[in-house]
Amino acid sequence: MDLNKKNLKKIFFLCVGVILVYLALQNMNIVFQFLGWIIYVLMPFIIAGCMTFFLNVPLKAIEKRLFRSKDGKPVSTAKEKARRPVAIVLSLAFFILIIGILLIIVIPELSNSIQMLANSVPSALQRLQEWVNDLCKQNETINNFVSGLSIDWNLISTTLMNFLKNDAANFVGSVMNMLTSVVSIVVNVFLGIVLSIYTLMRKEKLSSDFKKLIYSILPMKTCDYIVEVAALTNQSFYNCITGQMAECVILGSLTALGMTIFGFPYAPLVGVLIAILSWIPMFGVGIGIVVGALLILTVSPVQTFWFVIFMICLQQIEGNLIFPRVVGSNIGLPPIFLVSAIVIFSNFFGIIGLLVSGAVTSVLYALLRRFVYTRIKERNIPKEKYEVVNSSAELKSDEKPKNTFFGKFIQLFSGKSKNKNSEEK
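Thresholds, definitions, all that
- Residues numbered from 1 in each chain as written.
- Predicted model: local features only at pLDDT ≥ 70, side-chain atom pairs only at ≥ 80, totals over all residues.
- Heavy atoms only, no water.
- Helix = DSSP H or I, 4+ residues; strand = E, 2+ residues; numbered from the N terminus.
- Buried < 20%, exposed > 50% of the residue type's maximum accessible area, 1.4 Å probe, protein only.
- Contact = heavy atoms within 4.5 Å.
- Areas by Shrake-Rupley, 256 points an atom, 1.4 Å probe, with all protein chains shown as cover.
- pLDDT = per-residue confidence, 0-100.
- Salt bridge = Lys/Arg side-chain N within 4 Å of Asp/Glu carboxyl O.
- Phe/Tyr/Trp six-rings, centres within 6.5 Å; stacked < 30°, edge-to-face > 60°.
- Expected span 1.5 Å × (residues − 1).
- Arc of directions from axis to C-beta.
- Core = buried A, V, L, I, M, F, W, Y, C linked by side-chain atoms within 4.5 Å.
- Axes fitted to C-alpha atoms, helices over the stretch in contact; angles between N-to-C directions.
- Parallel < 35°, antiparallel > 145°, perpendicular 65-115°, else oblique.
- Left-handed = near helix turned anticlockwise from the far one by under 90°.
- Nonpolar A, V, L, I, M, F, W, Y, C, P; charged D, E, K, R; others polar.

**A word on the overall build of the protein**
Moving on, step 1. Across its full length, the protein carries 14 helices and zero strands.
Moving on, step 2. When the helices and strands of the protein are read in sequence order from the N terminus, they spell out α-α-α-α-α-α-α-α-α-α-α-α-α-α.
Moving on, step 3. In the protein, buried positions account for 23% of the 425 residues.
Moving on, step 4. Sequence separation of 24 or more characterises 67% of the internal contacts of the protein that already satisfy a separation of 6 or more.
Moving on, step 5. Here the protein displays about 30700 Å² of accessible surface, and carbon together with sulfur accounts for 68% of that area.

**A short note on the confidence of the model for the protein**
Moving on, step 1. For the protein, the mean per-residue pLDDT works out to 75, and 71% of the residues sit at or above 70.
Moving on, step 2. Of all the helices and strands in the protein, helix α14 (residues 416-424) carries the lowest mean pLDDT, 46, while helix α6 (residues 203-217) carries the highest, 90.
Moving on, step 3. A low-confidence stretch, residues 395-399 stays under pLDDT 50, and its non-local contacts, those more than four residues away or across chains, total one contact.
Moving on, step 4. Within the model, pLDDT remains below 50 along residues 412-425, and this stretch shows two contacts once partners closer than five positions in the same chain are excluded.

**Regarding the pattern of salt bridges**
Moving on, step 1. Counting across every chain of the model gives six salt bridges.
Moving on, step 2. Note that Glu204 is salt-bridged to Arg84, the shortest N-O span being 2.9 Å. A residue pair is termed long-range when its members are at least 10 positions apart, and Glu204 in helix α6 and Arg84 in helix α3 (residues 77-138) qualify at 120 residues.
Moving on, step 3. For Glu378, the salt bridge is made with Arg375, and the minimal N-O distance between the two is 3.5 Å. Placement of the pair is Glu378 and Arg375 together in helix α11 (residues 335-378), with a separation of three residues, close to one helical turn.
Moving on, step 4. For Glu378, a relative accessible area of 52% corresponds to the exposed category.
Moving on, step 5. Several salt bridges share partner residues, and in doing so they unite Glu63, Arg84 and Glu204 into one network.

**Describing the packing of aromatic side chains**
Moving on, step 1. Enumeration over the complete set of coordinates arrives at eight aromatic pairs.
Moving on, step 2. Note on Phe262 and Phe264: the rings are 6.4 Å apart at their centroids and 45 degrees apart in plane angle, and the pair reads as tilted.
Moving on, step 3. Assessed through its relative accessible area of 56%, Phe262 is described here as exposed.
Moving on, step 4. Put simply, the rings of Phe262, Phe264, Phe307 and Phe310 pair up and form one aromatic cluster.

**Things to note about unusual backbone geometry**
Moving on, step 1. Its identity as a non-glycine residue notwithstanding, Tyr266 has a phi of 60 degrees, on the positive side.
Moving on, step 2. Mapped onto the elements, Tyr266 comes out in the loop between α7 (220-262) and α8 (267-277).
Moving on, step 3. Assessed through its relative accessible area of 9%, Tyr266 is described here as buried.
Moving on, step 4. Phi at Asn380 takes a positive value of approximately 55 degrees, unusual for a residue other than glycine.
Moving on, step 5. Summarising the element assignment, Asn380 is placed in the loop between α11 and α12 (383-386).

**Structural notes on helix α9 (residues 284-297)**
Moving on, step 1. In a regular helix each residue adds 1.5 Å, so 14 residues correspond to 20 Å; α9 covers 20 Å between its end C-alpha atoms and thus fits that length.
Moving on, step 2. Restricting attention to buried positions, one finds in α9 the residues Gly284, Val285, Gly288, Ile289, Gly292, Ala293, Leu295 and Ile296. The buried side chains of α9 occupy one side of the element, clustering within an arc of 165 degrees when seen end-on. Counted as exposed and oriented over 90 degrees from the buried face of α9: Val290 and Leu294.

**Some details on the environment of Ile226**
Moving on, step 1. Assignment of secondary structure puts Ile226 in helix α7.
Moving on, step 2. Taking relative accessible area as the criterion, Ile226 reaches 27% and is therefore assigned partly exposed.
Moving on, step 3. C-alpha of Ile226 to C-alpha of Lys211: the two residues are 15 residues apart in sequence and 9.2 Å apart in space.
Moving on, step 4. With residues near it in sequence (within four places) discarded, Ile226 still touches Phe210, Ile214 and Leu218.

**A few points about the nonpolar core**
Moving on, step 1. By size, the foremost hydrophobic cluster in this structure holds 17 residues, and its most contacted members are Met259, Phe307 and Met311.
Moving on, step 2. Only α7, α8, α9 and α10 (301-326) provide two or more residues apiece to this core.
Moving on, step 3. For this core, the leading source of residues is α9, giving five residues.
Moving on, step 4. For Met259, the residues in contact, after removing those within four places along its chain, are Phe264, Pro265, Tyr266, Ala267, Val270, Ile296, Phe307 and Phe310.
Moving on, step 5. Counting 12 residues, the second-largest nonpolar core is a separate cluster that includes Phe237, Cys240, Cys248 and Ala359.

**As for the packing of α7 against α8**
Moving on, step 1. Interhelical geometry of α7 versus α8 gives an angle of 160 degrees and a closest axis separation of 8 Å. Classified by the angle their axes make, α7 and α8 are roughly antiparallel. Considering the relative orientation of α7 and α8, their crossing is right-handed. Taking contact as the criterion, the partners of Cys248, Leu251, Gly252, Thr255, Ala256, Met259 and Thr260 in α7 are, on α8, Ala267, Val270, Gly271, Ile274 and Ala275.
Moving on, step 2. Split by residue class, the contact of α7 with α8 holds eight nonpolar, four polar and no charged.

**Points about the side chain of Ser91**
Moving on, step 1. Relative to the assigned elements, Ser91 resides in helix α3.
Moving on, step 2. Classification of Ser91 as buried rests on a relative accessible area of 1%.
Moving on, step 3. Leaving out residues up to four positions away in the same chain, Ser91 has contacts with Leu55, Pro58, Leu59 and Ile62.

Take a look at the structure:
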């Protein structure tokens, strides 16, 4: 390699990159703290991006039908200018209405379940006490052990007073930190909503400005690739969001309807929980089933068993029959990618990352798959180079087992040796 100016520049940047990677590996705690600070600063913009994609789904549907002429005549200028703001307001009202309906359904059901649990605790404790008394009467050793137990109420009161004196300040500090975090989340959400509204109002102008910027700096081929990837990302994310929304509505509605038909308690609450938790890929519906089973367990253990059976059957029907016909086939993410995305996004972005992990991973997987297949096609790599045959698959007709002990053993149990002898006869 010639040591010209271009190659020396490449060597310099390579050495700098190696040094930075080495320093980062030696100081991983500082790197993670820096990444956490960056995410904290950019959190309003992250929320704005998520809100923009979510609000863009009903926005497109509303704009296609709002202030459109039925006879083909052009609409007035005032209607053209009012279409986007009215569509944004209606999209926000749609999401606020959904959240309000969810709260109206969830809060009364939660209060009823808490009240039912509170009412069932004394009777449960009484049954537990009766069971312990019967057990003590039947077993003399346990009776002697329970009789030897003594509760020191003075020690309990002293411990409580010490906690109030020494740890009350820490408790108040923890409460204040929690309130500060809640206020910070509310402020970030408000700023994110404002930024998303501004982005939706001027999304064509912002897209045009972004294209002008990259076309003025980068080469033409690179800019075309960036624009193409951005369009693919937008379409993939849009399809994934609409698919997840449809799945939430379908699964939540079928859950509530089926539970009502079969007489299960907490049908509206469990239906809403299943609809919300189904946003979490792979594990969301399972978490909803566990929560619903725990709620129904307070009423009837037998109904809990049938509820779990009902939800397993419903999930299979919805996933294999209804969802592919209504939503369409998904990208088909490998489970290891999805599980890894759930772990990474939940650790870095919390609940928001957990909810968007499936959509973001689908987009990244689509881009990666497109890049891989494009490169394989450009380099004319034959299929035999990268295809791996399943070793447990049945042997082909020309791949006969060798004349060894194991080969004869396979022939004996596969019936090939017998068929061969019959053909020779």
